[in-house]
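An overview of the molecular structure
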Amino acid sequence: MSEIDSLKAQLETLQSEALAAFSAAIDLVSLQQMRVNYLGKKGALTEVLKGVGKLPPQERPVIGQYVNQSKSVLSAALDIAEAGLAVAAKAERVEAERIDVTLPGRVGATGALHPVQRGLDEMTAIFSQMGFAVAEGPEIENEFHNFDALNIPPEHPARAMHDTFFVEQMGDEPMLLRTHTSPVQIRAMKRFLAESGEPPLAVVAPGRVYRCDYDVTHSPMFHQVEVFKVDRDVSMAHLKGVLKHFLSTYFEKEVSIRLRPHYFPFTEPSAEVDIGCVFCAGKGCRICKNSGWIEVLGSGMIHPNVLKSVGIDSDEFSGFAFGLGVERLVMLKQGIPDLRMFFENDVRFLRRMGS
Ligand code: PHE
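What counts and what doesn't
Numbering of residues begins from 1 in every chain and follows the order in which that chain's sequence is written. Owing to the predicted nature of the model, reporting of local features is limited to residues with pLDDT of at least 70; listing and counting of side-chain atom pairs is limited to 80 or more, with chain, interface and lining totals taken over all residues. Side-chain metrics in this entry use all non-hydrogen atoms of the structure; hydrogen atoms and water are not considered. Nearness here has a simple test: a residue counts as near a molecule or strand if at least one of its heavy atoms is within 4 Å of that partner. Two N or O atoms count as a polar contact when they lie within 3.5 Å, although within protein this holds only if one can serve as hydrogen donor and the other as acceptor, and sequence-adjacent residues are included solely when both atoms are side-chain atoms. Computed with a 1.4 Å probe, the accessible areas rest on the Shrake-Rupley method; for each residue, only the protein chains presented here act as cover. Going along the chain from the N terminus, every DSSP run of H or I of four or more residues is numbered as a helix, and every run of E of two or more is numbered as a strand. Polar here means any residue other than Ala, Val, Leu, Ile, Met, Phe, Trp, Tyr, Cys and Pro, which are nonpolar, and Asp, Glu, Lys and Arg, which are charged; Gly is therefore polar. Where each domain begins and ends is defined by an automated method or by a domain database. Only protein atoms enter the 1 Å grid, on which a cavity is a set of points fitting a 1.4 Å probe that cannot get out and a pocket is an open set with protein on both sides within 12 Å along at least 5 of 7 lines, lining residues being those with an atom within 4 Å of a point. Grid points are joined across faces, edges and corners, and a volume is the space filled by probe spheres set on the points. Fitting a line to C-alpha atoms yields each axis, with helices limited to the stretch in contact; the angle taken between N-to-C directions then spans 0 to 180 degrees. Throughout this description, any angle smaller than 35 degrees is read as roughly parallel, any larger than 145 degrees as roughly antiparallel, any in the 65 to 115 degree range as roughly perpendicular, and the remainder as oblique. Any two residues whose heavy atoms approach within 4.5 Å are treated as being in contact. When DSSP finds at least two bridges between two strands, those strands are taken to pair. To define a nonpolar core, start from buried Ala, Val, Leu, Ile, Met, Phe, Trp, Tyr and Cys residues and group those joined through side-chain atoms within 4.5 Å. Three labels apply to residues, based on accessible area from a 1.4 Å probe with only protein chains included: buried if under 20% of the type maximum, exposed if over 50%, partly exposed otherwise in between. We call Phe, Tyr and Trp rings a pair once their centres come within 6.5 Å, taking the six-membered ring for Trp, and we label the pair stacked below 30 degrees between planes, edge-to-face above 60, and tilted otherwise. Consider the ring centre and the ring normal. A charge sits over the ring if Lys NZ or Arg CZ is within 6 Å of that centre and within 35 degrees of that normal.

**A short note on the site of the ligand**
Contacts to the ligand come from 14 residues, most closely from His 180, Ser 182, Arg 211, Gln 224 and Gly 323. The separation between a nitrogen atom of the ligand and a polar side-chain atom of Ser 182 is 2.9 Å. Within the contact set of the ligand, an oxygen atom lies 2.9 Å away from a side-chain nitrogen or oxygen of Arg 211. Protein coverage of the free-state accessible area of the ligand, which is 320 Å², stands at 91%. Among the elements of the structure, strand 6 (221-231), strand 9 (293-302) and strand 10 (318-325) are those that each provide at least two residues to the shell around the ligand. Ranked by residues supplied to the shell around the ligand, first place goes to strand 10 with three residues. Residues belonging to the shell around the ligand are distributed by class as follows: four nonpolar, eight polar and two charged.

Listed below in structure tokens is the structure:
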């Protein structure tokens, strides 16, 4: 075989060998390596070109042409193989990253309002639907609003009965944690009069109160809703009507009520209000201690001294007021046996109540 024929044969073998290798390549890295091996500066084709030196000068361009042809064939074949592998790699990645969008999502745990807060909101809403304006007052109070203006002078025994928490004194004035929401009566009346001059005014004041007390039915912090109305000719009948409507709405059934004479310094006359036992419908059970009645709140006609303390003429205007214990009513409505359950934050209790 002549020198040129043997070079040609060498080239052909090389080319078909290379094409087979390209199509068998399984990844882009090995293809890249093959490009270097065949077409690189020290690659197989360059190696063939070295043999050209042995040829007579007139034959050299011929073989040079063959080599160049081979180069472009191999280079094109490499490009195609590369593109093919790239497409395959992409398809593989898409497959690996496939997401089933039809799977149900992970639902995060949702919180719920604390049962006391829910009761507070429900009660406030009932009064606000009846036309009472919502008011709030500070939990740290002075003696004037918590006691004096409510007709409880310093030497009054009711002051001692209130189990008051006093706050470390900042100025000359002793401060305390309010023992009831009644001081909001004073604050709201003052604010209201400054704005509109004179009654009528009707207010609902929900909030936290504090007493130094702790057992099955008492917690040092609890909640009250204070409700009062001042106008011309307000009577006990209005008080009773508002109470009956409120209690029946809150308990979602007709409840009977009973007013028992009582004493509060800031109301005259005063009454404690009982509802017909919601558990035994008045027949008598453990909860109502067989009396058929459960005490739920304190009430009365606002004492003339209280109206006077904010400058309302008690000859012209009268008012009713009552203050109810929120926890008490929620316990009765939900059948919760121990007040302390509200504040122990046992998550099983909160979950059951929070639906
Ligand atoms: N403030 C009273 C208490 O906490 C309740 C009450 C409010 C009574 C308004 C009469 C009128 O016990």
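Resuming the write-up.
**As for the domain arrangement of the protein chain**
By domain assignment, the protein chain separates into domain 1 (3-96) and domain 2 (115-354). For domain 1 versus domain 2, the separation of C-alpha centres amounts to 96 Å.

**A closer look at empty space enclosed by the protein**
A probe matching the size of a water molecule, rolled over the atoms, marks out where space remains unfilled. What the rule picks out here adds up to one cavity of 30 Å³ or more. Put simply, the largest cavity is a space of about 40 Å³. Surrounding the largest cavity, Pro 115, Arg 118, Gly 119, Glu 122, Tyr 250, Val 330, Lys 333 and Gln 334 form its lining. When residues of the lining of the largest cavity are traced back to their parent elements, those giving at least two are helix 5 (115-129) and helix 11 (326-334).

**A word on the packing of helix 5 against helix 11**
At a minimum axis separation of 9 Å, helix 5 and helix 11 run at an interaxial angle of 100°. Considering their axes alone, helix 5 and helix 11 lie roughly perpendicular with respect to each other. Contacts from Pro 115, Val 116, Arg 118, Gly 119, Leu 120, Glu 122 and Met 123 in helix 5 reach Val 326, Glu 327, Leu 329, Val 330, Lys 333 and Gln 334 in helix 11. A class-by-class count of the residues in the contact of helix 5 with helix 11 yields seven nonpolar, two polar and four charged.

**A closer look at the sheet that holds strand 8 (residues 267-276)**
Each strand in a sheet pairs with another by means of backbone hydrogen bonds, the pair being arranged parallel or else antiparallel. Within the open sheet, the seven strands sit side by side as 1-5-6-10-9-8-7. Their pairing is mixed. Each edge of the open sheet carries a strand with a single partner, namely strand 1 (133-134) and strand 7 (257-264). Together, strand 1, strand 5 (201-210), strand 6 and strand 10 form the strand contacts of helix 5, whose direction differs from that of strand 6 by roughly 5°. Each of strand 6, strand 8, strand 9 and strand 10 is contacted by helix 11, which is oriented at about 60° to strand 10, the strand it contacts most.

**Description of the nonpolar core**
Residues Phe 127, Phe 322, Leu 324 and Leu 329 are the most contacted members of the largest nonpolar core, which totals 44 residues. Considering each element in turn, this core owes the most residues, seven residues, to helix 9 (residues 236-251). If we ignore the near neighbours within four places in the chain, the residues touching Leu 324 are Met 123, Phe 127, His 223, Gln 224, Val 225, Phe 246, Val 296, Leu 297 and Leu 329. Among the nonpolar cores identified, the runner-up in size contains 26 residues, and Ala 135, Ile 186, Phe 264 and Val 310 belong to it.

**Considerations on helix 11**
Of the positions making up helix 11, those classed as buried are Val 326, Glu 327, Leu 329, Val 330, Met 331 and Leu 332. Following helix 11 by one or two positions, Gly 335 adopts a phi angle in the positive range, close to 65°.

**Focus on the layout of surface pockets**
Within this model, the second largest pocket holds a volume of roughly 290 Å³. Lining the second largest pocket are 17 residues, with Gln 117, Leu 120, Gly 207, Arg 208 and His 223 sitting closest to its centre. Ranked by residue count, the leading element in the lining of the second largest pocket is helix 5, at five residues. Split by residue class, the lining of the second largest pocket holds five nonpolar, seven polar and five charged.

**Brief notes about the packing of aromatic side chains**
For the coordinates displayed, the defined rule picks out 10 aromatic pairs. Where Phe 22 meets Tyr 38, the ring centres are 5.8 Å apart and the plane angle is 85°; that geometry is what we call edge-to-face. Placement of the pair is Phe 22 in helix 1 (residues 3-24) and Tyr 38 in helix 2 (residues 28-39), with a sequence separation of 16 residues. Measuring from centroid to centroid gives 5.8 Å for Phe 127 and Phe 322, while their planes differ by 55°, and the two rings are tilted. Here Phe 127, found in helix 5, pairs with Phe 322, found in strand 10; they are 195 residues apart in sequence, far enough to count as distant. Residue class for Phe 127 comes out buried when judged on its relative accessible area of 0%. Pairwise contacts between aromatic rings join Phe 127, Phe 132, Phe 246, Tyr 250, Phe 251, Phe 320 and Phe 322 into one cluster. The positively charged end of Lys 333 is found above the aromatic ring belonging to Tyr 250, 4.4 Å away from the centroid.

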